[in-house]
Amino acid sequence: MAVNTQAPATYRDHAIAQSIAFFVWIRSTTKAALKALKMARMLSALSNMSDYQLAQIGISRSEIPEYAEKLMADE
């Protein structure tokens, strides 16, 4: 007599898949939140610089957001 070794997905398999999906969601959400925090800190640091200091790194005050994005992209 042949035995069917392919059982249908069980509740346990479904629960494991949901747990994995939940942890993936937590990871991506945490990563996005950390990126937003880093960006906010960078914008704050650059905004607190004097115009002279900004000129020393080659940007004007209006270019701070663009410059911060570029720095974040390089990471």
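Refer to the structure above for everything that follows.
About the cut-offs
- Residues numbered from 1 in each chain as written.
- Predicted model: local features only at pLDDT ≥ 70, side-chain atom pairs only at ≥ 80, totals over all residues.
- Heavy atoms only, no water.
- Patch = residues over 30% accessible without salt bridge, like charges linked within 9 Å, V, L, I, M, F, W, Y side chains within 5 Å.
- Areas by Shrake-Rupley, 256 points an atom, 1.4 Å probe, with all protein chains shown as cover.
- Salt bridge = Lys/Arg side-chain N within 4 Å of Asp/Glu carboxyl O.
- Helix = DSSP H or I, 4+ residues; strand = E, 2+ residues; numbered from the N terminus.
- Buried < 20%, exposed > 50% of the residue type's maximum accessible area, 1.4 Å probe, protein only.
- Phe/Tyr/Trp six-rings, centres within 6.5 Å; stacked < 30°, edge-to-face > 60°.

Let's shift gears to a nonpolar patch on the surface. There is a patch of nonpolar side chains on the surface, built from Phe-22, Phe-23, Trp-25 and Ile-26 and spanning about 450 Å² of accessible area. Looking at the element boundaries, Trp-25 is found in helix H1 (residues 11–47). Accessibility expressed as a relative area gives 52% for Trp-25, which makes it exposed.

Let's shift gears to the packing of aromatic side chains. The geometry of two aromatic rings is summed up by the distance between their centres and the angle between their planes. For the structure on display, the rule yields 2 aromatic pairs. Summarising the aromatic geometry, the rings of Phe-22 and Trp-25 are spaced 6.1 Å apart at their centres and angled 25° between planes, so their arrangement reads as stacked. You can see Phe-22 and its partner Trp-25 sitting in helix H1, 3 residues apart, about one turn around the helix. The class of Phe-22 is partly exposed, set by a relative accessible area of 44%.

Structural measurements only, silent on function.
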